[in-house]
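Spelled out from the first residue to the last, the chains are:
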Amino acid sequence: MSDETPGTLAWLDRQLGRVAGLLAVIGAVSIVALMLITIAAVTWRYGLNDPIFGIEDLSVVTLTLVAGAAVAYGARHNAHVSVDVISYFFGRRVTRYTDAVMRALSAAIAGLATYALFHAACGIEKACITNNFSIEHRPFYYFLGVALGLYTLHLLLRLFIGLRHFSGEDPNEIGD
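Residues numbered from 1 in each chain as written. Predicted model: local features only at pLDDT ≥ 70, side-chain atom pairs only at ≥ 80, totals over all residues. Heavy atoms only, no water.

J.: Where do I start with the pattern of salt bridges in this structure?
T.: Pairing is possible between side chains that carry opposite charge, provided their charged atoms lie close to one another. Applying the stated criterion to the full structure yields two salt bridges. The residue Arg76 makes a salt bridge to Asp13 at a minimum N-O spacing of 2.8 Å. Within this pair, whereas Arg76 is found in helix 2 (residues 55-76), its partner Asp13 is found in helix 1 (residues 7-47), the two being separated by 63 residues in sequence. Like Asp13, Arg76 is buried. (Salt bridge = Lys/Arg side-chain N within 4 Å of Asp/Glu carboxyl O. Helix = DSSP H or I, 4+ residues; strand = E, 2+ residues; numbered from the N terminus. Buried < 20%, exposed > 50% of the residue type's maximum accessible area, 1.4 Å probe, protein only.)

The following block contains the structure:
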């Protein structure tokens, strides 16, 4: 974060980092749980020739936690794939505008997905439970909603910081 970034934006950035760290811990625990579930499933299915009833349900809900944590943590640490072709051909003058447009559009899409996860994800009740154990998907949709909400806030923060540094170097950009 640049020294010219206002204190409020820097504080918000630190808070988003803390929440992303918390989600990363949840994701790490979920990865370990998913490994143990997979080991148990494979051992029982192929070693003992007796598959465990409902193991797929546990895998699906655990994988939901992993995916949500990956989205939030990946956003904070620039782990998502991006290709910067525009600055290669047109330079920083053009990317100032394209960055602002893309950050705004990305935040709108992520915000819409967040809204859908909180308000419309379980429209059909049969689709809101797992097949075998009837585990309710709603809390996992809420977790994904929180993760995408964090991503939306991250994108909006990057948009505001980019606009703040519009005429100079954008601290959001990764160096060469």
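J.: Which parts of the structure should I look at to understand unusual backbone geometry?
T.: It is generally the case that most residues other than glycine have a negative phi and that most peptide bonds are trans. The phi torsion at Asn49 lies on the positive side, around 55 degrees, for a residue other than glycine. Along the polypeptide, Asn49 turns up in the loop between helix 1 and helix 2.

J.: Teacher, can you tell me more about the side chain of Asp57 here?
T.: Residue position: Asp57 is located in helix 2. One buried charged residue, Asp57, forms no salt bridge at all, with the nearest opposite charge on Arg45 at 11 Å. Setting aside chain neighbours within four positions, we find Asp57 in contact with Thr130, Asn131, Asn132, Phe133, Ser134 and Ile135. (Lys, Arg positive; Asp, Glu negative; His and termini not counted. Contact = heavy atoms within 4.5 Å.)

J.: How should I be thinking about the nonpolar core in this particular structure?
T.: Burial of nonpolar side chains together is a common tendency in soluble globular proteins. If you look at the biggest cluster of nonpolar residues, it comprises 13 residues, and the most contacted ones within it are Leu23, Ala72, Leu150 and Leu157. Looking at this core element by element, the count peaks at six residues for helix 5 (residues 138-164). (Core = buried A, V, L, I, M, F, W, Y, C linked by side-chain atoms within 4.5 Å.)

J.: Mind showing me how you'd approach the packing of helix 2 against helix 5 here?
T.: Helix-helix packing: each pair is described by the crossing angle between the helix axes and the interaxial distance. Helix 5 packs onto helix 2 with a crossing angle of 10 degrees between their chain directions and a minimal axis gap of 9 Å. Classified by the angle their axes make, helix 2 and helix 5 are roughly parallel. Of the residues in helix 5, those in contact with Val61, Thr64, Leu65, Gly68, Ala69, Val71, Ala72, Ala75 and Arg76 of helix 2 are Phe140, Phe143, Leu144, Ala147, Leu148, Leu150, Tyr151, His154 and Arg158. Of the residues that constitute the contact of helix 2 with helix 5, the class distribution is 13 nonpolar, three polar and two charged. (Axes fitted to C-alpha atoms, helices over the stretch in contact; angles between N-to-C directions. Parallel < 35°, antiparallel > 145°, perpendicular 65-115°, else oblique. Nonpolar A, V, L, I, M, F, W, Y, C, P; charged D, E, K, R; others polar.)

J.: Got a minute to help me understand the packing of aromatic side chains in this structure?
T.: Tallied over the full model, the rule gives one aromatic pair. A ring pair is formed by Phe118 and Tyr142, whose centres lie 5.4 Å apart and whose planes are at 15 degrees; its orientation type is stacked. Residue Phe118 is found in helix 4 (residues 92-119), and its partner Tyr142 is found in helix 5; the two are separated by 24 residues along the sequence. Residue Tyr142 is classed as partly exposed on the basis of its relative accessible area of 31%. (Phe/Tyr/Trp six-rings, centres within 6.5 Å; stacked < 30°, edge-to-face > 60°.)

J.: I keep staring at helix 4 and nothing clicks. Help me out?
T.: Spacing of three or four residues puts side chains on the same side of an α-helix, whose turn is 3.6 residues. Here helix 4 contains 28 residues, and its C-alpha end-to-end distance of 39 Å stays within 8% of the 40 Å for a straight helix at 1.5 Å per residue. Those residues of helix 4 that sit buried are Arg92, Thr95, Arg96, Ala100, Arg103, Ala107, Ala110, Thr114 and Leu117. As for helix 4, its buried residues are in contact with helix 3 (86-90) and helix 5. (Expected span 1.5 Å × (residues − 1).)

J.: Please explain helix 1 as it appears in this structure.
T.: Over its 41 residues, helix 1 extends 58 Å from the first C-alpha to the last, a length consistent with the 60 Å expected when each residue adds 1.5 Å. Listing the buried residues of helix 1 in full gives Leu9, Ala10, Asp13, Leu16, Ala20, Leu23, Gly27, Ser30, Leu34, Ile37 and Ala41. Taken together, the buried residues of helix 1 touch helix 2 and helix 5. In the stretch just after helix 1, Asn49 is the one whose phi turns positive, near 55 degrees.

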